[in-house]
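Spelled out from the first residue to the last, the chains are:
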Amino acid sequence: IPEPLLTIFDFQELELVMCGMPTIDMDDWKAQTEYSGHYEDEGEDHQVVQWFWEVVSDVFDMEYKARLLQFVTGTSGVPARGFSVLQGNDGDIRRFTIYGAVALGVTAYPSAQ
């Protein structure tokens, strides 16, 4: 592929173009997710976490789901064995984690890693 054609993409877009859109199993993603911080006790029963999964499951199309996964892990691909062997940016196996940060006694936006 001529280099000038590649320069119109950033590395994330190029990955999606070269590898295609992944198939993301939302049930597996949810099942393999850890909750920490303010969400640790209630987990996926916490209202903010329910809203998160509702948006990701029902509003995001496959491209947006892949871009979210790419944003938090560095890759849009799901391992062949599923989210239980998801790798972080450093190559170590890590579970997808939604962290509820608390600042000055008020729950801030959730963060994921």
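Scroll up to find the structure.
Residues numbered from 1 in each chain as written. Predicted model: local features only at pLDDT ≥ 70, side-chain atom pairs only at ≥ 80, totals over all residues. Heavy atoms only, no water.

**Considerations on the overall build of the protein**
At step 1: Helix and strand content of the protein: five helices and three strands.
At step 2: Of all 113 residues assigned to the protein, the portion counted as buried reaches 29%.
At step 3: Summarising the internal contacts of the protein: among those between residues at least 6 apart in sequence, 56% fall at separations of at least 24.
At step 4: By element, 54% of the accessible surface of the protein is carried by carbon and sulfur atoms, the whole surface being about 7,400 Å². (Helix = DSSP H or I, 4+ residues; strand = E, 2+ residues; numbered from the N terminus. Buried < 20%, exposed > 50% of the residue type's maximum accessible area, 1.4 Å probe, protein only. Contact = heavy atoms within 4.5 Å. Areas by Shrake-Rupley, 256 points an atom, 1.4 Å probe, with all protein chains shown as cover.)

**Some remarks on the packing of aromatic side chains**
At step 1: The tally for this structure, following the rule as stated, stands at seven aromatic pairs.
At step 2: Their ring planes at 5° and their centres at 5.1 Å tell us that Trp 29 and Phe 83 sit as a pair that is stacked. With Trp 29 in helix H3 (residues 26–31) and Phe 83 in the loop between helix H5 (62–73) and strand E2 (96–103), the pair connects residues that are 54 residues apart, well separated along the chain. When sorted by exposure, Trp 29 lands in the same class as Phe 83, which is buried. (Phe/Tyr/Trp six-rings, centres within 6.5 Å; stacked < 30°, edge-to-face > 60°.)

**A closer look at a negative patch on the surface**
At step 1: On the surface, Glu 40, Asp 41, Glu 42, Glu 44 and Asp 45 cluster together to form a negatively charged patch.
At step 2: Tracing the backbone shows Glu 40 in the loop between strand E1 (33–37) and helix H4 (47–59).
At step 3: The class for Glu 40 is exposed, based on a relative accessible area of 54%. (Patch = residues over 30% accessible without salt bridge, like charges linked within 9 Å, V, L, I, M, F, W, Y side chains within 5 Å. Salt bridge = Lys/Arg side-chain N within 4 Å of Asp/Glu carboxyl O. Lys, Arg positive; Asp, Glu negative; His and termini not counted. Charge placed at Lys NZ, Arg CZ, Asp CG, Glu CD.)

**Looking at H4**
Because an α-helix completes one turn every 3.6 residues, residues spaced three or four positions apart along the sequence face the same direction.
At step 1: Along its 13 residues, H4 runs 17 Å from first to last C-alpha, staying within 8% of the 18 Å computed at 1.5 Å per residue.
At step 2: Turning to H4, its buried residues are Val 49, Phe 52, Trp 53 and Val 56. Looking straight down H4, one finds its buried side chains confined to an arc of 90°; they lie on one side. Counted as exposed and oriented over 90 degrees from the buried face of H4: Asp 58 and Val 59. (Expected span 1.5 Å × (residues − 1). Arc of directions from axis to C-beta.)

**Structural notes on the pattern of salt bridges**
At step 1: Overall, the coordinates contain two salt bridges when judged by the stated rule.
At step 2: Where Glu 63 meets Arg 67, a salt bridge forms, and the shortest distance between an N and an O atom there is 3.1 Å. Of this pair, Glu 63 and Arg 67 both sit in helix H5, four residues apart, which is roughly one turn of that helix.
At step 3: For Glu 63, a relative accessible area of 31% gives the class partly exposed.
At step 4: Note that Asp 92 is salt-bridged to Arg 94, the shortest N-O span being 3.7 Å.
At step 5: According to the relative accessible area criterion, Asp 92 is partly exposed, its value standing at 43%.
At step 6: Taking the relative accessible area as the measure of exposure, Arg 94 reaches 43% and is therefore partly exposed.

Treat this as a map of the structure, not an account of what it does.
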